[in-house]
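# Chain and residue survey
Listed below are the residues making up each chain.
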Amino acid sequence: MAVQRINVLNVPVDICSASDMEGQIMEMLAKPGTKQIVFLSIWDLLKARRRNDYAECVRNADLVLPISKSILLGAKFLKKDIPLKHNPFNTLISIMSILETHLKSIYLLGGRKKTVMAATKNVMNTFKTLQVVGRYVGYYPKNVEDDIIQAIYKASPSLVLVSEGIKEKDCWSYKRRNRFSSSIFLYYRDAIGIFGDRIKRVSETSFNRNTEIWHEVIKNPLKVFLIFPWLHYNILLVWYRLFKNKEQSV
């Protein structure tokens, strides 16, 4: 089954099952130019409704995978086909396993020096035939960016995993897309920290119960104020459904 794209509040969201993933990844790799996979939370979706670089990045992404249950409920409320909720870590492991099977390569970008070195070692030990063709730390000085871009261009990795310390996040690769060759870019903030044994990932149980936000609140109590954009999201869903229903009845 082909990957299906829907829109939730005018933001693209893809319906991609685990069985679709391999075909989608290999199809992306076969295309020339820079490609991008975006993990989309409810907060990201709200940001992507504005006129900004991130909105353009999401609209042009090759694969937009929802990671919040609220997006699934929003699609259901709007009477659209319901996408699957993707666990970012499990999805990344799946993508890396696909690349390993096809003898592809990866470049790691982000994290502090000690963490990215540990992450590189663990990736190489876990994915024996996935070639790590380069790495560079995050939080780097601006004057070395051209060297990083040139290194990625020359290495031409199948996947560039972008992690913490890259200020522009998903937009980093999108804004520089014409300076790379044919890689897939994926931003996942905690990836290198998890691979480097510095960050503990959210448990499968918490993710399946949709309680992962409380882990974020514990780490940063100010995130309790995310209740307000969540309420705004739900108001938008009601307005959008009423508006569409009215539009269709005319």
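Refer to the structure presented above.
Residues numbered from 1 in each chain as written. Predicted model: local features only at pLDDT ≥ 70, side-chain atom pairs only at ≥ 80, totals over all residues. Heavy atoms only, no water.

This part covers the overall build of the protein. Secondary structure summary: the protein contains 12 helices and 8 strands in total. Relative to the 2.2 N^0.38 estimate, which gives 18 Å for 250 residues, the radius of gyration of the protein is 19 Å and therefore close to what a compact globule would have. Dimensions along the principal axes, computed over C-alpha positions, put the protein at roughly 55 × 40 × 35 Å. Across the 250 residues of the protein, 46% fall into the buried class. Restricting the contact set of the protein to residue pairs at least 6 apart, pairs at least 24 apart contribute 78%. Carbon together with sulfur atoms contributes 54% to the accessible area of the protein, which is approximately 13400 Å² in total. (Helix = DSSP H or I, 4+ residues; strand = E, 2+ residues; numbered from the N terminus. Rg over C-alpha atoms; globule rule 2.2 N^0.38 Å. Buried < 20%, exposed > 50% of the residue type's maximum accessible area, 1.4 Å probe, protein only. Contact = heavy atoms within 4.5 Å. Areas by Shrake-Rupley, 256 points an atom, 1.4 Å probe, with all protein chains shown as cover.)

With that settled, the discussion passes to helix α3 (residues 53-60). For α3, the full list of buried residues reads Tyr-54, Ala-55, Cys-57 and Val-58. All buried residues of α3 project into a common sector of 160° when viewed along the axis, lining one side. Residues of α3 that are buried make contact with β2 (11-15), β3 (35-40), α2 (42-48), β4 (63-66) and α8 (170-175). Where α3 starts, the residue carrying a side-chain oxygen 3.3 Å from the main-chain nitrogen of Tyr-54 turns out to be Asn-52. (Arc of directions from axis to C-beta. Polar contact = N/O pair within 3.5 Å; in protein donor to acceptor, adjacent residues only side chain to side chain.)

Let us now look at helix α1 (residues 18-30). Within α1 the residues assigned to the buried category are Asp-20, Met-21, Gln-24, Ile-25, Met-28 and Leu-29. Looking straight down α1, one finds its buried side chains confined to an arc of 160°; they lie on one side. In α1, the exposed residues that point more than 90 degrees away from the buried face are Ser-19 and Ala-30.

The subject of this paragraph is the environment of Leu-73. Looking at the element boundaries, Leu-73 is found in helix α4 (residues 69-77). C-alpha separation for the pair Leu-73 and Trp-172, spaced 99 residues apart in sequence, amounts to 30 Å.

In this section: a nonpolar patch on the surface. A cluster of nonpolar side chains, contributed by Ile-227, Phe-228, Trp-230 and Leu-231, occupies part of the molecular surface with about 370 Å² of accessible area. With respect to the secondary-structure elements, Phe-228 resides in helix α12 (residues 227-249). Owing to a relative accessible area of 52%, Phe-228 belongs among the exposed residues under this scheme. (Patch = residues over 30% accessible without salt bridge, like charges linked within 9 Å, V, L, I, M, F, W, Y side chains within 5 Å. Salt bridge = Lys/Arg side-chain N within 4 Å of Asp/Glu carboxyl O.)

This structure, assessed with the given rule, holds 0 disulfides. Here Cys-16 stays free of any disulfide, with the sulfur of Cys-57 as its closest cysteine sulfur at 18 Å. A residue is classified by how much of its surface remains accessible, and Cys-16, at 0% relative accessible area, is buried. In this model Cys-57 remains outside any disulfide bridge; the closest cysteine sulfur is found in Cys-171, 4.8 Å from its own. According to the relative accessible area criterion, Cys-57 is buried, its value standing at 0%. (Disulfide = S-S within 2.5 Å.)

Pairing geometry for strand β1 (residues 4-8) and β2, over 5 bridges, is antiparallel. What sits directly across from Asn-7, in β2, is Pro-12. Where β1 folds back on β2, the antiparallel hairpin that results is connected by 2 residues, among which Leu-9 adopts a positive phi of roughly 55°. (Pairing = 2+ DSSP bridges.)

Moving on to the packing of aromatic side chains. Two aromatic rings, taken as a pair, are described by how far apart their centres are and by the angle between their planes. Counted by the stated rule, this structure contains 5 aromatic pairs. One aromatic cluster in this structure is built from Trp-172, Phe-180 and Phe-185. (Phe/Tyr/Trp six-rings, centres within 6.5 Å; stacked < 30°, edge-to-face > 60°.)

In this section: the sheet that holds strand β8 (residues 184-187). Spatially, β4-β3-β8-β7-β5-β6 is the arrangement adopted by the 6 strands of the open sheet, whose pairing is parallel. The outermost strands of the open sheet, each flanked by one partner alone, are β4 and β6 (131-136). With direction set aside, neighbouring strand axes in the sheet form an average angle of 20°. As judged from the 3 bridges shared by β3 and β8, these two strands associate in the parallel manner. Each bridged residue has a counterpart across the sheet, and for Ile-37 the counterpart in β8 is Leu-186. Each of β3, β4 and β8 touches α1; the most contacted strand, β3, lies at about 140° to it. The sheet contacts of helix α6 (residues 113-126) involve β5 (105-109) and β6, and relative to β6 the element is tilted by about 175°. (Axes fitted to C-alpha atoms, helices over the stretch in contact; angles between N-to-C directions.)

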